[in-house]
Amino acid sequence: MWVLLTVVLLTLAYFLWPKRRRPGTKYPKSLPALPLVGSLPFLPRHGHLHVNLFKLQEKYGPIYSFRLGSKTTVVVGQYQLAKEVLVKKGREFSGRPYVVSLNVLSNQKGIAFADSGPLWQLHRKLVQATFALFKDGDQKLEKIICREISLLCDFLATQNGKSMDLDLPVFTAVTNIICMVCFNTSYKSGDQEMIIMKNFNNGILESLGKDDLVDIFPWLTIFPNKNLGILKNSVNTRNELLNRILQNYKKKFSSDSITNLLDVLIQAKMNSENNNSSPDQDPKLLSDKHILATVGDIFGAGVETTTSVMKWTVAFLLHNPQLKKKIQEEIDQNIGFSHTPNISDRNRLVLLEATIREVLRIRPVAPLLIPHKTSSDSSIGEFAIDKGTCVVVNLWALHHSEKEWLWPDRFMPERFLDPTGSQLISPTMSYLPFGAGPRSCVGENLARQEIFLSLAWMLQRFDLEVPEDGQLPCLDGNPSIVFLIEPFKVKIKVRQAWRDAHVEGSP
């Protein structure tokens, strides 16, 4: 019995121990590792992973590695090295490692989690082509955003004097913007499909927010896994809804009217089937499953990220009421009440823009960027990186480095302003809130517009105050695939200045 067990363990250790590295090359310093489990016993067990990995830089330097199971992961926590990974050698590092939970989410399709190659390149190009449709005219992105924000503000006005959680109304507004981009549809708050979207979104975030050993040891999928079950059910619900929308949409599709993401993807599929497309548009890469994965990625990347940043910003304003007052004074002086803010007002509302930038720094949407994978033997700085290595950029480390930021743990929007407070500046290059290079966030422009316009409209019209119970939001956060803030309430009050201006302006 014991002999057999010893043979089994030695066999496993042989296959799971990392293969021999290239001789004569210098690799990043590594955490200790044991057979089978790798460095797992030597990683901190408490606290947020991004913070723990940042602390490990004190001992191991700005680039180091550890093993989980048989796979090596390299952590990068300094901006020059990060930009080498993301930009300078972006193509070499544009792959995605296989992760069980993320594979459930996307099945290695779409644009967020798919490995680099023709599939990812094609779908990313088609998503970029979709956003190009929303530059001008009635389809202009700003008009769509402002229409939804107007509805959001109208709803908030009905809550005057009440304390409420902003999560659902903000989620509804942001989801409708994404729905317009994806398939030219919007919903009311109580609509059944909107409820389904909220439920599957919550299920995905809940399951991805829990560390799961199955991502380290994929063979554990042979055992029942409650967390993975929640994720699968949520993804199935998402796919069923999106597939129903897709099948209904196909019935009314017209090549004469290409106005959204489904139009672009369906047209690309038709072109490839009729040999009317470029060679990279293989019809096999545009199946319904591929289309659904890309639409699902746009939902995942476009809804909770923006919703989360808006909630974080409101939370920091509740903690800093004098800053909120100054932003409102800026709005009053530069915009007034005769019209609502637009994108061209960014240069006039510099304190608001600086505040948003500081929120994206101190509480980045993704403290650890989605893992990259090398497609060939490469290097980062002076260190060799073997093909197939997982590389994680610790954005938290970049945004909290004392070498780059004065008092990095303090919330200081003024760091993004010149000494006069009238011009926006970039205080350091160690700031990558949306990533960079080939894998950068494809919806960055959409997100920036949504966040700025939503907050400008809300602060022009409302005072956002601490509830009667005096409970301030917790700023610790809850890292999932997005850095979430714990639920909190805010008291909504229509500003007296807004009320007075509209009484004076009424006929």
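The paragraphs below set out a description of the structure included in this document. Since the structure is predicted, the reported quantities are computational estimates derived from the model, not experimental observations.

A sheet is described by the order of its strands in space; here five strands give the open sequence S1-S2-S3-S8-S5, paired in mixed fashion. Since the sheet does not close on itself, it has two edges, and those belong to strand S1 (29–30) and strand S5 (372–373), each with one partner. Contacts between helix H3 (residues 79–88) and the sheet are confined to strand S2 (63–68), strand S3 (71–76), S5 and strand S8 (390–393), with S8 contributing the most and set at about 125° to the helix.

Let us look at the pattern of salt bridges. Taken as a whole and judged by the stated rule, the model has 19 salt bridges. Lys269 serves as the salt-bridge partner of Asp288, at 3.4 Å between the closest nitrogen and oxygen. A residue pair is termed long-range when its members are at least 10 positions apart, and Asp288 in helix H11 (residues 288–302) and Lys269 in helix H10 (residues 261–273) qualify at 19 residues. With a relative accessible area of 19%, Lys269 lands in the buried category. With a closest N to O distance of 3.9 Å, Glu465 and Lys493 form a salt bridge. Note that Glu465 is positioned in strand S9 (residues 462–465) and Lys493 in strand S12 (residues 490–494), a separation of 28 residues in sequence. Within this structure, Asp167, Lys198 and Lys311 form a network of salt bridges that share partners.

The subject of this paragraph is unusual backbone geometry. The backbone phi angle of Leu36 is positive, close to 70°, even though this residue is not glycine. Summarising the element assignment, Leu36 is placed in the loop between S1 and helix H2 (49–60). One non-glycine residue with positive phi stands out, namely Asn184, at about 60°. Turning to its location among the elements, Asn184 is positioned in the loop between helix H7 (167–183) and helix H8 (192–208).

Before going further, it helps to spend a moment on the pairing of S2. Regular strands place side chains that alternate from one sheet face to the opposite one. Most of S2 is tucked away: six of the six residues are buried. Of the two faces of S2, the one holding Ile63, Ser65 and Arg67 and the one holding Tyr64, Phe66 and Leu68 are both buried throughout. Bridge count for S1 against S2 is two bridges, and the pairing is parallel. Its bridge partner being in S2, Lys29 is matched across the sheet by Tyr64. One crossover worth recording links S1 to the parallel S2 by way of H2, and it is right-handed. Strand direction decides the pairing type here: S2 and S3, joined by six bridges, are antiparallel. Note that in S3 the partner of Arg67 across the bridge is Thr72. Counting the residues in the hairpin turn of S2 and S3 gives two residues, including Gly69, whose phi is positive at 65°.

For the rest of this paragraph, the subject is the layout of surface pockets. The computed volume of the second largest pocket comes to approximately 510 Å³. Elements that contribute at least two residues to the lining of the second largest pocket include exactly H2, H3 and helix H15 (395–399). Residue classes in the lining of the second largest pocket are distributed as seven nonpolar, seven polar and six charged.

A few words on empty space enclosed by the protein. For the structure on display, the rule yields two cavities of 30 Å³ or more. Roughly 40 Å³ of volume is contained in the largest cavity. Lining the largest cavity, in full, are Arg346, Glu353, Ile356, Leu360, Phe434, Arg448, Ile451 and Phe452. Of all the secondary-structure elements, those providing two or more residues to the lining of the largest cavity are helix H14 (350–362) and helix H16 (444–461). Its boundaries defined by the atoms lining it, the second largest cavity holds a volume of some 30 Å³.

How each quantity is defined
- Residues numbered from 1 in each chain as written.
- Predicted model: local features only at pLDDT ≥ 70, side-chain atom pairs only at ≥ 80, totals over all residues.
- Heavy atoms only, no water.
- Pairing = 2+ DSSP bridges.
- Helix = DSSP H or I, 4+ residues; strand = E, 2+ residues; numbered from the N terminus.
- Contact = heavy atoms within 4.5 Å.
- Axes fitted to C-alpha atoms, helices over the stretch in contact; angles between N-to-C directions.
- Salt bridge = Lys/Arg side-chain N within 4 Å of Asp/Glu carboxyl O.
- Buried < 20%, exposed > 50% of the residue type's maximum accessible area, 1.4 Å probe, protein only.
- Right-handed = clockwise from strand over helix to strand, strands pointing away.
- 1 Å grid on protein atoms, 1.4 Å probe; cavity = no way out; pocket = protein on both sides within 12 Å on 5 of 7 lines; lining within 4 Å.
- Points joined across faces, edges and corners; volume = space filled by probe spheres on them.
- Nonpolar A, V, L, I, M, F, W, Y, C, P; charged D, E, K, R; others polar.

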